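The residues making up each chain are set out below.
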Amino acid sequence: MSDRYEYVPHRLLRRRVRDIASGVEGELMAVVNENVSDAAVEYWMELAYIRDASGREFTTAVANVEPAC
């Protein structure tokens, strides 16, 4: 596949979430199935893009995303 990424629907999009790996809360902006390989063999992974209170976005594995309380 030539595309480097594709958007994936997620039930928590545009909602407040928490990254369980870091404990940081923010708004889930997108979930992307992204080719994270830098070699000839493709390695695809679903990444969650979260925007924190400062406005910066960071990524984490989708499995690390849970609704914020």
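Whatever comes next refers back to the structure up there.
These figures come from a predicted structure and were not determined experimentally.

1. Details of the pairing of strand β4 (residues 44–52)
Sheet faces and side chains relate simply in a regular strand, where the side chains alternate between the two faces. Relative to β4, strand β3 (residues 25–35) is paired through nine bridges, and the arrangement is antiparallel. Note on β4: the bridge partner recorded for Val 31 is Ala 48. Note: β4 against strand β5 (residues 57–61), five bridges, orientation antiparallel. The residue of β5 that forms the bridge with Arg 51 is Glu 57.

2. Let's talk about the packing of aromatic side chains
The full count for this structure, using the stated rule, is one aromatic pair. Ring plane angle 85 degrees and centroid distance 5.9 Å describe the contact between Tyr 5 and Tyr 7, whose orientation is recorded as edge-to-face. Exposure remark for Tyr 5: the relative accessible area of 48% places this residue in the partly exposed category.

3. Re the nonpolar core
Listed in full, the 10 residues of the largest apolar core are Val 8, Leu 12, Val 17, Leu 28, Val 31, Ala 48, Ile 50, Phe 58, Val 62 and Val 65. Those elements that provide at least two residues to this core are β3 and β4. Leave out the neighbours within four places in its chain, and Ile 50 touches Val 17, Asp 19, Gly 26, Glu 27, Leu 28, Arg 56, Glu 57, Phe 58, Thr 60 and Val 65.

Calculation rules
Residues numbered from 1 in each chain as written. Predicted model: local features only at pLDDT ≥ 70, side-chain atom pairs only at ≥ 80, totals over all residues. Heavy atoms only, no water. Pairing = 2+ DSSP bridges. Helix = DSSP H or I, 4+ residues; strand = E, 2+ residues; numbered from the N terminus. Phe/Tyr/Trp six-rings, centres within 6.5 Å; stacked < 30°, edge-to-face > 60°. Buried < 20%, exposed > 50% of the residue type's maximum accessible area, 1.4 Å probe, protein only. Core = buried A, V, L, I, M, F, W, Y, C linked by side-chain atoms within 4.5 Å. Contact = heavy atoms within 4.5 Å.

Any functional reading would require information that these geometric values do not contain.
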